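Here are the chains, one letter per residue:
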Amino acid sequence: MRSSAEPFQQAKQQWDLEQLYRDLAKAKHQYCDKVKPLTLLETACLRGLLCGCSPPEIAAELNRETRGLRVDLSRGLYRYVEILAGRNSNELKDWRDVATWLSCYQININSVSISEPKPDSILKIVDISLAGTSKNPVLDVKVRNIGQQVAFLKRAEFQFYKTWTLYSWIPQFASLLERHSVPCAAPSVSSRTLPEESMTRSRTVQPSYDYEVSLEEMEFEALELQSQLNSITSDPATPPCLVTETFSISQCVAHNDVDRFTLSLIFPPSIPQSCDFGFITHVYHLCLEIVYDEDDKIVKSQNIMLAIESESVPPLHRRAFFYTPDQIDLNDLKNYSLKNQSSLDKINAIDGLQNVTLKQIYRHFSRPQSGY
């Protein structure tokens, strides 16, 4: 405690000085980035100003030189008061403003102080992996709360940016089939099958819940049309979000803890999967946003690229995506082959996560060697 012999002690009759010293010390830390309490000179000057004394009167009481005291106030206490009162830097021009501003700030009544940063939740997406089938992919989402409060996950929002259409057909000659075939067809993966977890020294995190995300109501035809229009007018590097699909989730992640859940996407059967000469593969560029807590904080995933096909479509190793000279219907196949090449170039230019079907298309189908 401070001695009663210190000057201007009458200030404590209307001000909570100890609280005020602490609050201004926090403002001092913010101003000069030094964690130090107010000096004896600063506390004495503050009491004098709160008592209505001018800097010359305070200097006389403290046996200080007036000009030097004014410099000290200008470089220190006045700046702390501005921060505490929420004023602009160097706004304080008159010593009388100190008591007025602090009075308006109601420190003498409510002991209002600079609040410490409120502990909060901070959610991070640690990883997203893709499983499921080419018709119903599964997003395996792993999150971590690095904040100091529980994070409550409320919504999952899928933002669709772009869609492409790939065309494939059954080759007419065995030689072509052999060129485009793979050693064996990739085994189908159940929609509930999740990627294997590597062994770690800590506990294994099992999925806490699987959400079925139905996209039945989504207007895929409008998405495809708008996507084609935007491919002409918008910047490919920053495509606009065309459609947002929102779904309710309910997850709690304790502070400094992790969670894992899955989102099983159900695409509607009405999406075209075949054409006159063959089959259609739809590729979607999207991102996942997780909305959490009452103030709707958002954490966003990396780009996600999904190639979607019907389960009735023949396996990839039986189809061709590029024209070769020994095929029939040369003109039509040339056009579709060129469209596939253009689409795959654009898709591959996007840095993001790809599902198995899209990876297999890149891995097992090379571009035509001969020119058009």
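This is a predicted model, so every value here is computed, not measured.

### Some thoughts on the overall build of the protein chain
Move 1: A count of helices and strands for the protein chain gives eleven helices and ten strands.
Move 2: A burial count over the protein chain gives 44% of its 372 residues as buried.
Move 3: Residue pairs in contact within the protein chain that sit at least 24 positions apart in sequence constitute 75% of those at least 6 positions apart.
Move 4: If you sum the accessible surface of the protein chain, you get close to 20200 Å²; carbon and sulfur atoms cover 49% of it.

### Details of the environment of D332
Move 1: Residue placement: D332 occurs in helix 10 (residues 330–348).
Move 2: For D332 and F277, which are 55 residues apart along the polypeptide, the C-alpha to C-alpha distance reads 9.2 Å.

### As for the pairing of strand 3 (residues 151–168)
Move 1: Across the 18 residues of strand 3, 15 count as buried, placing the element largely inside the fold.
Move 2: In terms of strand pairing, strand 3 meets strand 5 (residues 243–253) through nine bridges, oriented antiparallel. Bridge pairing in strand 5 places Q159 opposite T244.
Move 3: Here strand 3 runs beside strand 7 (residues 279–292); their pairing, made up of 14 bridges, is antiparallel. Looking at the pairing, A156 lines up with I290 of strand 7.

### Details of the sheet that holds strand 1 (residues 123–132)
Neighbouring strands of a sheet are bound in pairs by backbone hydrogen bonds; such pairs are parallel or else antiparallel.
Move 1: The four strands are arranged 1-2-6-4 in an open sheet whose pairing can be described as mixed. Two strands bound the open sheet, and with one partner strand each, they are strand 1 and strand 4 (210–214). Taking the axes of each pair of neighbouring strands and ignoring which way they run, one obtains an average angle of 25° across the sheet.
Move 2: Of the strand pairs in this sheet, strand 4 and strand 6 (residues 257–266) are connected by five bridges, and their pairing is parallel. Across the sheet, E212 pairs through a bridge with S264, a residue of strand 6.

### Topic: the environment of Q302
Move 1: For Q302, the position within the fold is in the loop between strand 8 (297–300) and strand 9 (303–308).
Move 2: A C-alpha to C-alpha distance of 6.3 Å links Q302 and C287, two positions 15 residues apart in sequence.
Move 3: Among all residues touching Q302, those that are not within four sequence positions of it are L286, C287, G352 and L353.

### What about the confidence of the model for the protein chain?
Move 1: Averaged over every residue, the pLDDT of the protein chain is 81; the share at 70 or more is 80%.
Move 2: Low pLDDT (under 50) marks residues 107–115, which in the prediction has 22 contacts with non-local residues, meaning those over four places away or in another chain.

### Remarks on the packing of helix 1 (residues 17–32) against helix 2 (residues 40–50)
Move 1: Put simply, helix 1 and helix 2 touch, their axes get as near as 11 Å, and they point 120° apart. In terms of orientation, helix 1 lies oblique with respect to helix 2. Once helix 1 is placed against helix 2, the crossing between them reads as right-handed. Within the contact between the two elements, helix 1 uses L17, L20, Y21, L24 and K28 and helix 2 uses E42, T43, L46, R47 and L50.
Move 2: Among the residues making up the contact of helix 1 with helix 2, the classes are represented as six nonpolar, one polar and three charged.

### Here's the deal with the pattern of salt bridges
Move 1: In this structure the tally under the stated criterion is 16 salt bridges.
Move 2: The salt bridge involving R87 is made with E91; its shortest N-O contact spans 3.4 Å.
Move 3: D296 is the partner of R155 in a salt bridge, and the nearest nitrogen-oxygen pair spans 3.9 Å. Highlighted residues: R155 in strand 3 and D296 in the loop between strand 7 and strand 8, separated in sequence by 141 residues.

### Thoughts on the environment of W101
Move 1: Tracing the sequence through the fold places W101 in helix 6 (residues 97–104).
Move 2: Relative accessible area serves as the criterion here: at 8%, W101 is assigned to the buried category.
Move 3: When sequence neighbours within four positions are dropped, the list of residues in contact with W101 reads V81, E82, A85, R87, E91 and L92.

### Let's talk about the packing of helix 3 (residues 55–62) against helix 4 (residues 66–75)
Move 1: In the contact formed by helix 3 and helix 4, the axes pass within 9 Å of each other and the chain directions differ by 115°. By the angle class used here, helix 3 and helix 4 are roughly perpendicular. In this structure, the crossing between helix 3 and helix 4 has a hand that is right-handed. Between helix 3 and helix 4, the residues in contact are P55, P56, I58 and A59 and T66, L69, R70 and L73, respectively.
Move 2: Across the contact of helix 3 with helix 4, the residue classes tally to six nonpolar, one polar and one charged.

### A few points about the packing of aromatic side chains
Aromatic ring pairs: the centre-centre distance and the angle between the two ring planes describe each pair.
Move 1: One pass over the structure, following the stated rule, counts nine aromatic pairs.
Move 2: Measuring from centroid to centroid gives 4.6 Å for Y167 and Y336, while their planes differ by 50°, and the two rings are tilted. Of this pair, Y167 sits in strand 3 while Y336 sits in helix 10, placing them 169 residues apart in sequence.
Move 3: Relative accessible area serves as the criterion here: at 16%, Y167 is assigned to the buried category.
Move 4: Ring geometry for Y211 against F261: centres 6.1 Å apart, planes inclined by 90°, an arrangement best described as edge-to-face. Separated by 50 residues along the polypeptide, Y211 in strand 4 and F261 in strand 6 bring together distant segments of the chain.

What counts, and at which threshold
Residues numbered from 1 in each chain as written. Predicted model: local features only at pLDDT ≥ 70, side-chain atom pairs only at ≥ 80, totals over all residues. Heavy atoms only, no water. Helix = DSSP H or I, 4+ residues; strand = E, 2+ residues; numbered from the N terminus. Buried < 20%, exposed > 50% of the residue type's maximum accessible area, 1.4 Å probe, protein only. Contact = heavy atoms within 4.5 Å. Areas by Shrake-Rupley, 256 points an atom, 1.4 Å probe, with all protein chains shown as cover. Pairing = 2+ DSSP bridges. Axes fitted to C-alpha atoms, helices over the stretch in contact; angles between N-to-C directions. pLDDT = per-residue confidence, 0-100. Parallel < 35°, antiparallel > 145°, perpendicular 65-115°, else oblique. Left-handed = near helix turned anticlockwise from the far one by under 90°. Nonpolar A, V, L, I, M, F, W, Y, C, P; charged D, E, K, R; others polar. Salt bridge = Lys/Arg side-chain N within 4 Å of Asp/Glu carboxyl O. Phe/Tyr/Trp six-rings, centres within 6.5 Å; stacked < 30°, edge-to-face > 60°.

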